[in-house]
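A structural walkthrough
One-letter residues, chain by chain:
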Amino acid sequence: MSVRHTLLGALVFAGLAACVPLLPLWLISLITIAMSSGLVVSGLIILWRAGLVPFGQALFFATGAYTVALAGLWLKISDAVVLVILAIVAAALVAAFAGLLLARYREIFFAMLSLALSMILYGLLVKSEALGSTDGINVAQATFFGMKPRGAAYTIAVFWLSLVLVFLAWLSVTAYLGSVAGQMAGAIRDNEIRVEYLGISVTRLIHLKLTIAAALAGAGGALAALSISHVDPQMAYWTTSGGFVFVTILAGAVSVPAAFIGALIFEVIRSIAVAVLPGGWQMILGTVLLVTILFVPNGLGSLIMRKRIAGQGGSK
Amino acid sequence: MITAIAIVTDGLVYAAWLFVVAIGLSLIFGVMKILNVAHGAFYAFGAYISATAIGLYFDRGWPAAGGYVAIGASAIATGLIMGYVLERVFLRRVYGKDEVVVVLVTYALFLILEDVLILIWGAEGKAAYQPYSEAGSIDIGGLAVSLYDIGLVIFAALLAIAAIFAIKKTTFGRLLTAVIYDRETASAFGVDVSRVYTLTFLLGAVLGALGGAITAPKISVSPGLGVEVIVLAFAVVAIGGMGSIEGALLGALIVGLFRACAVHLAPNLELFAIYAVMALVLVFRPHGLFSPALARKI
Amino acid sequence: MSALLSVRDLQKTFGQVVAARDINVDVPVGQTVGIIGANGAGKTTFVNMITGHLKPSGGAIIFEGGAITGLPSRKIMRLGVARSFQVAQLFPTYTVFENLCAAIAIAHSGTSVFSAAVARFVSDRTKGEAETALAHFQIAPYRDALASTLPQGMRKLLDIAMATAGNPRLLLLDEPTSGISLEEKFDLMEVIMAALKARGTTVLFVEHDMEIVRRFADRVLAFYDGTVIADGPPTVALDDPRVAEFITGTLIRAKDGTLKAPTVSHA
């Protein structure tokens with residue numbers, strides 16, 4: 001990314017940060033939550049481009065969220081920046097471990113195994129009293145460089161934190177997508193054998209993608225925990241993962257900003273749907289998803305449709 | 001001793017239930033290469049419709065034996081209708097597309113059907129315990145075991161035998177095998193793949209609904225029960241090997257017994273145990289126990 | 001002359017089936033070796049073992065003095081051995097230029113995925129080398145075409161051009177002219193061999209067409225029943241009676257009508 005783009009981006013974010021007095025508090029909260037799922041989705045884009053769709057990304061989201069809650073509860077850490085970094089590290093570590101198994105699989109198996117792994121965490125969270133069981137844990141309000149904003153000021157502080165995180169995510173994901181490893185995503189989708197014979201390990205490339213995506217999901221979870229001041233097992237549940245996949249599909253994997261705009265639209269629609277049509281949320285979600293896949297196959301299908309040349313073999 | 005007996009009986013009963021649920025999923029995956037997330041919806045609808053049918057039946061005070069027929073009939077009807085509509089209206093449009101796209105379609109259908117369920121039956125639980133309580137129980141080593149549960153185990157065993165026999169010996173079974181191994185060649189040899197797909201999907205749907213229907217008398221049927229089923233059934237099928245009936249059977253037994261051990265010895269680890277055993281199997285057999293490791297071709 | 005590649009007592013069995021046995025070959029730097037044999041004679045098994053696609057059941061493969069026996073293919077590639085495929089292995093959703101850039105960028109970025117994650121994909125050096133490869137392999141007219149739309153000959157050329165991205169010292173070509181019409185075969189081989197000669201690459205190529213072998217190979221390895229039955233300059237090896245009997249089919253069966261197991265002849 002050019003310096004000009006970066007500066008332009010920084011300006012946009014500074015502008016957004018300055019908008020605070022113009023926005024009602026509920027909208028600021030809503031944007032913060034949308035940015036937290038946008039962070040997860042920006043990680044999903046990395047995987048999506050390689051043809052991988054994890055149905056259990058909530059595993060890393062919840063890992064990030066619970067890390068913040070537990071670091072506050074057990075270690076008495078209250079600084080927001082430290083908490084977010086801890087969450088990112090924790091989620092990346094979980095992915096580095098889970099990736100030993102996950103990176104060997106593709107397509108449906110990849111999707112379902114990631115779902116199963118997220119259900120393990122869900123099962124642990126629900127059953128474990130120490131982790132708050134089904135009720136979850138309240139997250140103490142964080143401090144920001146020694147300052148302790150409370151009430152509306154806290155909401156705004158977390159919002160600013162979300163803008164900083166999104167800005168950093170935008171820079172790093174765009175940089176990664178432009179790197180050799182990032183550009184190999186389509187190549188992996190197209191022809192893994194060729195990638196191996198160019199001298200690089202596909203499994204390790206995917207493992208790395210998983211870890212980066214998980215780190216972003218961890219950041220998203222941390223932000224959600226700080227914003228809602230509460231974590232519960234629902235954060236690891238499959239519907240949470242489904243929501244992330246949903247936004248990824250609607251936004252398409254075209255660019256990182258699309259992830260955040262998509263996440264924002266998603267949050268707005270959800271807020272409206274919950275108010276207007278309580279109990280019909282899944283139906284709306286499913287219908288939109290179905291219509292997108294069946295009738296807008298080009299924003300979506302063309303991105304993950306494989307036109308892999310069937311490798312066929314030698315005489316032995 | 002009592003614990004050991006309890007683990008074995010619980011494990012077998014759970015395995016029987018898992019097998020009935022998983023075999024439909026495995027069948028559809030093996031033949032159509034579709035991971036049908038909507039299987040959870042077949043299960044949930046099967047449970048609700050069977051609970052409703054049982055309620056209607058027993059309200060009239062008719063003899064208990066007929067209640068079991070009501071379970072079976074309602075499940076078959078549910079599976080046939082839902083399977084037919086889903087296959088004809090939606091899946092037909094996405095055959096041949098990327099596997100993940102097809103999974104997302106079934107996922108979307110599942111989301112919609114979950115809410116439809118609540119629209120029809122409301123959010124409250126529904127009980128249909130009569131067939132379970134009417135069955136009575138027998139004493140095994142000091143442990144009262146429900147005859148309904150024993151019936152389930154026998155039913156699952158018969159289903160397994162019938163399925164293995166059908167795959168190996170009947171014409172339809174051989175057609176299925178042909179399509180499982182090589183769709184293009186089967187098609188080139190004149191197998192009507194489209195018809196095989198429809199029949200397979202209907203069969204899978206009926207089995208899914210049946211899984212729900214036989215469970216209805218044992219639980220309070222409430223929203224959200226389809227969700228865990230799909231993940232559990234996937235775990236079973238992944239352990240056993242996608243598309244293998246023997247695999248589904250073995251996977252169900254492994255998961256069933258593991259879960260029963262966890263429930264009786266370390267209740268907090270119930271869900272963890274199930275997926276941990278799956279992860280363990282996959283570390284050593286990446287494509288499940290009954291699936292040969294596929295060599296990469298150049 | 002020191003050998004670039006030395007193969008010692010190479011064996012490969014699949015269960016009861018012996019796919020390769022007692023293969024002993026030394027290839028000096030700069031040689032162009034044609035590999036011939038009927039289908040199932042073990043040619044591709046041989047290539048697959050050298051490039052790490054198959055693990056040998058026995059024996060040793062030494063490249064530039066170091067054993068590469070049983071290493072994963074990506075490590076063997078990094079050591080300087082590349083290969084092409086019977087069916088061209090391309091990235092169909094990338095353009096020809098992007099295919100080349102991908103190959104070259106990976107070659108530059110080093111073995112570790114971490115270095116690949118920080119190396120820029122688009123650099124002037126990568127682009128320059130890609131343009132050079134386009135020119136050398138004469139695929140420049142297709143520069144911006146999607147790989148999936150290429151005609152067969154261009155696919156083969158791109159496949160080989162990608163294989164040369166890491167400047168390999170040894171290149172194995174698995175049937176470079178398969179699926180190409182008779183008229184075009186020679187032209188295609190001319191292009192390939194000229195490009196490779198310019199790079200000084202040592203080449204092993206599997207080929208069914210004896211005319212191509214005669215024209216382009218300095219040396220012929222004739223495979224039969226999993227082993228090398230003749231090894232020498234084309235004129236000698238192709239006229240070997242066993243080669244004529246079992247491979248080229250130019251010799252009529254011996255008068256007594258019996259077939260004896262052939263023995264290795266070093267010309």
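What counts, and where the lines are drawn
Residues numbered from 1 in each chain as written. Chains lettered and ligands numbered in written order. Predicted model: local features only at pLDDT ≥ 70, side-chain atom pairs only at ≥ 80, totals over all residues. Heavy atoms only, no water. Helix = DSSP H or I, 4+ residues; strand = E, 2+ residues; numbered from the N terminus. Rg over C-alpha atoms; globule rule 2.2 N^0.38 Å. Buried < 20%, exposed > 50% of the residue type's maximum accessible area, 1.4 Å probe, protein only. Contact = heavy atoms within 4.5 Å. Areas by Shrake-Rupley, 256 points an atom, 1.4 Å probe, with all protein chains shown as cover. Salt bridge = Lys/Arg side-chain N within 4 Å of Asp/Glu carboxyl O. Core = buried A, V, L, I, M, F, W, Y, C linked by side-chain atoms within 4.5 Å. Buried area = accessible area lost by both parts, 1.4 Å probe. Polar contact = N/O pair within 3.5 Å; in protein donor to acceptor, adjacent residues only side chain to side chain. Pairing = 2+ DSSP bridges. Phe/Tyr/Trp six-rings, centres within 6.5 Å; stacked < 30°, edge-to-face > 60°. pLDDT = per-residue confidence, 0-100. Expected span 1.5 Å × (residues − 1). Axes fitted to C-alpha atoms, helices over the stretch in contact; angles between N-to-C directions. Parallel < 35°, antiparallel > 145°, perpendicular 65-115°, else oblique. Left-handed = near helix turned anticlockwise from the far one by under 90°. Nonpolar A, V, L, I, M, F, W, Y, C, P; charged D, E, K, R; others polar. Patch = residues over 30% accessible without salt bridge, like charges linked within 9 Å, V, L, I, M, F, W, Y side chains within 5 Å.

What chain C contains, in helices and strands, is 10 helices and 11 strands. Since a compact globule built from 267 residues should have a radius of gyration of about 18 Å, the 19 Å found for chain C is in line with a globular shape. Within chain C, the proportion of its 267 residues that are buried is 54%. Counted over contacts in chain C with a minimum sequence separation of 6, partners at least 24 positions apart contribute 65%. Put simply, chain C shows about 11000 Å² of open surface, and 54% of that area lies on carbon and sulfur atoms.

This brings us to the pattern of salt bridges. Residue and element names in this part refer to chain C. Applying the stated rule across the entire model yields 17 salt bridges over all chains. The partner of aspartate 174 in a salt bridge is arginine 83, with the nearest N and O atoms 3.6 Å apart. Taken together, the positions of aspartate 174 in strand β7 (residues 170-174) and arginine 83 in strand β6 (residues 81-83) put the pair 91 residues apart, joining distant regions of the chain. What makes aspartate 174 buried here is its relative accessible area of 2%. Assessed through its relative accessible area of 2%, arginine 83 is described here as buried.

All names here are of chain B. With respect to the element layout, isoleucine 214 can be found in helix α9 (residues 193-215). Take isoleucine 214: its relative accessible area is 9%, and that puts it in the buried class. A C-alpha to C-alpha distance of 14 Å links isoleucine 214 and glutamate 134, two positions 80 residues apart in sequence. Aside from chain neighbours lying at most four places away, what touches isoleucine 214 is Val20, Ile71, Tyr148 and Leu152.

Core analysis: the largest hydrophobic core is formed by 312 residues, its most contacted members being Leu226 of chain A, Tyr275 of chain B together with Phe46, Ile139 and Phe205 of chain C. Here the element with the most residues in this core is helix α1 (residues 2-32) of chain B; it accounts for 16 residues. Sequence-distant contacts of phenylalanine 46 of chain C, defined by excluding residues within four places in its chain, comprise Val7, Leu10, Ile23, Ile35, Leu204, Leu221 and Phe223 of chain C.

Here we come to the interface of chain A and chain B. Reports of interface size often rely on the accessible area that becomes lost once the parts have come together. On the side of chain B, 46 residues touch chain A, which itself brings 48 residues to the contact. Both faces considered, chain A and chain B share a buried interface measuring about 4400 Å² in area, 76% of it formed by carbon and sulfur atoms. In terms of surface lost to chain B, no three residues of chain A exceed Ile108, Phe109 and Trp238 of chain A, which account for 15% of the buried area on that side. Run the count over chain A and chain B and you get 3 residue pairs in polar contact (both at pLDDT 80 or more). Those elements that place two or more of their residues in the side of chain A that touches chain B are α5 (107-127), α8 (192-197), α10 (238-251), α12 (281-295) and α13 (297-304) of chain A. Tallying contributions element by element places α5 of chain A first for the side of chain A that touches chain B, with 13 residues.

Time to look at the side chain of serine 109 of chain C. Within the secondary structure, serine 109 of chain C is located in helix α3 (residues 96-109). Filtering out sequence-adjacent residues up to four positions away, serine 109 of chain C remains in contact with Val180 of chain A together with Ser115, Ala116 and Ala119 of chain C.

All names here are of chain C. If you trace the 4 strands from one edge of the open sheet to the other, you get β2-β1-β4-β5, paired in antiparallel fashion. Either end of the sheet is taken by a strand with one partner, and the two such strands are β2 (17-28) and β5 (66-67). With 8 bridges joining them, strand β1 (residues 3-14) and β2 adopt antiparallel strand pairing. Paired with serine 6 across the strands is aspartate 26, a residue of β2.

Across all of its chains, the model carries 23 aromatic pairs over all chains by this definition. Arranged with centres 5.6 Å apart and planes meeting at 15°, the rings of tyrosine 105 of chain A and phenylalanine 109 of chain A form a pair that is stacked. Considered together, tyrosine 105 of chain A and phenylalanine 109 of chain A belong to a single accessibility category, that of buried residues. Among the aromatic residues, those joined into a ring-pair cluster are Phe55, Tyr122, Tyr237 and Trp238 of chain A together with Tyr107 and Phe110 of chain B.

A word on the confidence of the model for chain C. All names here are of chain C. The share of residues in chain C with pLDDT of 70 or more is 92%, and the mean pLDDT across the chain is 83. Note that pLDDT drops below 50 for residues 251-255; the model gives that stretch 5 contacts with residues more than four away or on any other chain. Across residues 259-267, where pLDDT falls below 50, the model places 21 contacts with residues more than four positions away in sequence or in other chains. Predicted as a complex, the structure gets a pTM of 0.84 and an ipTM equal to 0.84.

For an α-helix, the turn length of 3.6 residues means that residues three or four places apart are oriented alike. In a regular helix each residue adds 1.5 Å, so 21 residues correspond to 30 Å; α5 of chain A covers 31 Å between its end C-alpha atoms and thus fits that length. By the criterion of burial, α5 of chain A is predominantly enclosed, with 18 of the 21 residues buried.

The next subject is the environment of leucine 216 of chain A. Residues and elements named next belong to chain A. Relative to the helices and strands, leucine 216 is located in helix α9 (residues 202-228). Residue leucine 216 is classed as buried on the basis of its relative accessible area of 10%. Considered as a pair, leucine 216 and glycine 43 are 173 residues apart in the sequence and their alpha carbons are 5.6 Å apart. Not counting the four nearest positions on each side in its chain, leucine 216 is found in contact with Leu39, Val40, Ser42, Gly43, Ile46, Ala169 and Val173.

Residue and element names in this part refer to chain C. Here alanine 107 shows up in helix α3. It is 6.5 Å that separates the C-alpha atoms of alanine 107 and alanine 165, two residues lying 58 residues apart in sequence. Not counting chain neighbours up to four residues away, the residues in contact with alanine 107 comprise Arg78, Ala165 and Gly166.

Residues and elements named next belong to chain C. Hairpin connection between β1 and β2: a loop of 2 residues separates the two successive antiparallel strands, and glycine 15 in this loop has a positive phi of roughly 60°. Bridging between β1 and strand β4 (residues 58-63) involves 5 bridges; their strand directions are antiparallel. What sits directly across from leucine 5, in β4, is phenylalanine 63.

The contact between α10 of chain A and helix α4 (residues 99-121) of chain B brings their axes to 12 Å, and the two run at 125°. Taken together, the axis directions place α10 of chain A and α4 of chain B in an arrangement best described as oblique. Read as a crossing pair, α10 of chain A and α4 of chain B show a hand that is left-handed. Where α10 of chain A approaches α4 of chain B, its residues Trp238, Gly242, Gly243, Val245 and Ile249 of chain A are matched on the opposing element by Leu104, Tyr107, Phe110 and Leu111 of chain B. For the contact of α10 of chain A with α4 of chain B, the per-class residue count stands at 7 nonpolar, 2 polar and no charged.

What follows is about a nonpolar patch on the surface. Residues and elements named next belong to chain A. Taken together, the side chains of Val81, Ile85, Val89, Leu93, Phe145 and Met147 make up a nonpolar region of the molecular surface, amounting to roughly 610 Å² of accessible area. With respect to the helices and strands, valine 81 occurs in helix α4 (residues 80-102). Here valine 81 falls in the partly exposed class, since its relative accessible area comes to 30%.

The backbone phi angle of serine 229 of chain A is positive, close to 60°, even though this residue is not glycine. As for its placement among the helices and strands, serine 229 of chain A is situated in the loop between α9 and β2 (230-231). Overall, the relative accessible area of 17% leaves serine 229 of chain A in the buried class. Its identity is not glycine, yet glutamate 175 of chain C carries a phi of approximately 50°, on the positive side. Relative to the helices and strands, glutamate 175 of chain C resides in the loop between β7 and α7 (182-199).

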